[in-house]
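Letter by letter, the chains look like this.
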Amino acid sequence: MFRFCPSSDGVIGVTSLNYTNDVGCYYMGGAVCSSVSVSDVEGTEELPEQKKENKVNGVLWGYAERKLSDKVYLLLQASGLLYKDAECKNYFGIGSLAELGKKIEAGAFVGYATFSTEYEVASELTCKIQLRKNLYVQPALHYVHNGHFSGMAGLFRMGWSI
């Protein structure tokens, strides 16, 4: 069911600036959202009878891909929330991508997020293999570490374009 009810669901506005040249692409932007609060990260569920209060939230973000050589790229990401009650305060990430031939790309990425009560480091190793012009597979290995958990997970992506 589709509905439009800004007074209870909130309103979001997103804007971004993009710039591309021969050695990279750069993106920055922001978003403002007026919405109800989301359950906290520990999984406390909001009960229907609880009074919901709309708050205005904001975030600034940036992303850059910089060409280091013909086949190697550097990736940078950062974001920060603009309100004091945010559960996730900010995020920073760095990674690289390498073309290993016409049909294979390999990448590594590490991200660091600070939350109101702790931090989290997440990393990914991945390899994208182009099987056909419009079909690829991308296995990945993730490692996540925070104050409550350390562990690995495997992921298998598959993409198909029409």
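Residues numbered from 1 in each chain as written. Predicted model: local features only at pLDDT ≥ 70, side-chain atom pairs only at ≥ 80, totals over all residues. Heavy atoms only, no water.

A. Structural view of the overall build of the protein chain. Assigned secondary structure in the protein chain consists of one helix and nine strands. Ordering the α and β elements of the protein chain from the N terminus gives α-β-β-β-β-β-β-β-β-β. Evaluated residue by residue, the protein chain yields a buried proportion of 17% over its 162 residues. At a minimum sequence separation of 6, the contacts of the protein chain that also span at least 24 residues come to 31%. Split by element, the accessible area of the protein chain, about 11700 Å² in all, is 62% carbon and sulfur. (Helix = DSSP H or I, 4+ residues; strand = E, 2+ residues; numbered from the N terminus. Buried < 20%, exposed > 50% of the residue type's maximum accessible area, 1.4 Å probe, protein only. Contact = heavy atoms within 4.5 Å. Areas by Shrake-Rupley, 256 points an atom, 1.4 Å probe, with all protein chains shown as cover.)

B. Looking closely at the environment of phenylalanine 115. If you trace the backbone, phenylalanine 115 turns up in strand 6 (residues 104-115). The partly exposed category is assigned to phenylalanine 115, whose relative accessible area is 22%. Sequence separation of phenylalanine 115 and lysine 89 is 26 residues, and the distance between their C-alpha atoms is 5.4 Å. The residues contacting phenylalanine 115, other than those within four sequence positions of it, are Glu87, Cys88, Lys89 and Glu120.

C. Fine view of the packing of aromatic side chains. With the rule as written, the count across this model stands at three aromatic pairs. Centre to centre, the rings of tyrosine 112 and tyrosine 119 are 6.0 Å apart; their planes meet at 20 degrees, and the pair counts as stacked. Judged by its relative accessible area of 34%, tyrosine 112 is partly exposed. Here lysine 128 stacks its cationic end above the ring of tyrosine 136, 4.4 Å away from the centre of that ring. (Phe/Tyr/Trp six-rings, centres within 6.5 Å; stacked < 30°, edge-to-face > 60°. Lys NZ or Arg CZ within 6 Å of the ring centre and 35° of its normal.)

D. Quick peek at the side chain of asparagine 146. Position of asparagine 146 among the secondary structure elements: in strand 8 (residues 135-146). A polar side-chain atom of asparagine 146 sits 2.8 Å from the main-chain amide nitrogen of histidine 148. Among the polar contacts made by the side chain of asparagine 146, one reaches the main-chain amide nitrogen of phenylalanine 149 at a distance of 2.8 Å. When near neighbours in sequence (up to four residues on either side) are disregarded, asparagine 146 contacts Glu118, Tyr119 and Glu120. (Polar contact = N/O pair within 3.5 Å; in protein donor to acceptor, adjacent residues only side chain to side chain.)

E. Inspection of the pairing of strand 7 (residues 119-132) at higher detail. By the bridge criterion, 11 bridges tie strand 6 to strand 7 in an arrangement that is antiparallel. Pairing of alanine 108 across the sheet is with leucine 125, part of strand 7. Hairpin connection between strand 6 and strand 7: a loop of three residues separates the two successive antiparallel strands. The pairing of strand 7 with strand 8 spans 10 bridges and is antiparallel. Paired with alanine 122 across the two strands is valine 144, which belongs to strand 8. Taking the residues that link successive antiparallel strands as the turn, the strand 7-strand 8 hairpin has two residues. (Pairing = 2+ DSSP bridges.)

F. Just the pairing of strand 4 (residues 72-81), in detail. Both strand 3 (residues 55-67) and strand 4 contribute to a ladder of nine bridges, which runs antiparallel. Within strand 4, the position partnered with valine 59 by the bridge is leucine 81. In this structure, strand 4 lies alongside strand 5 (residues 88-99), joined through nine bridges in antiparallel fashion. Opposite glycine 80, over in strand 5, you have asparagine 90 as the bridge partner. Hairpin connection, strand 4 to strand 5: the antiparallel pair is bridged by six residues.

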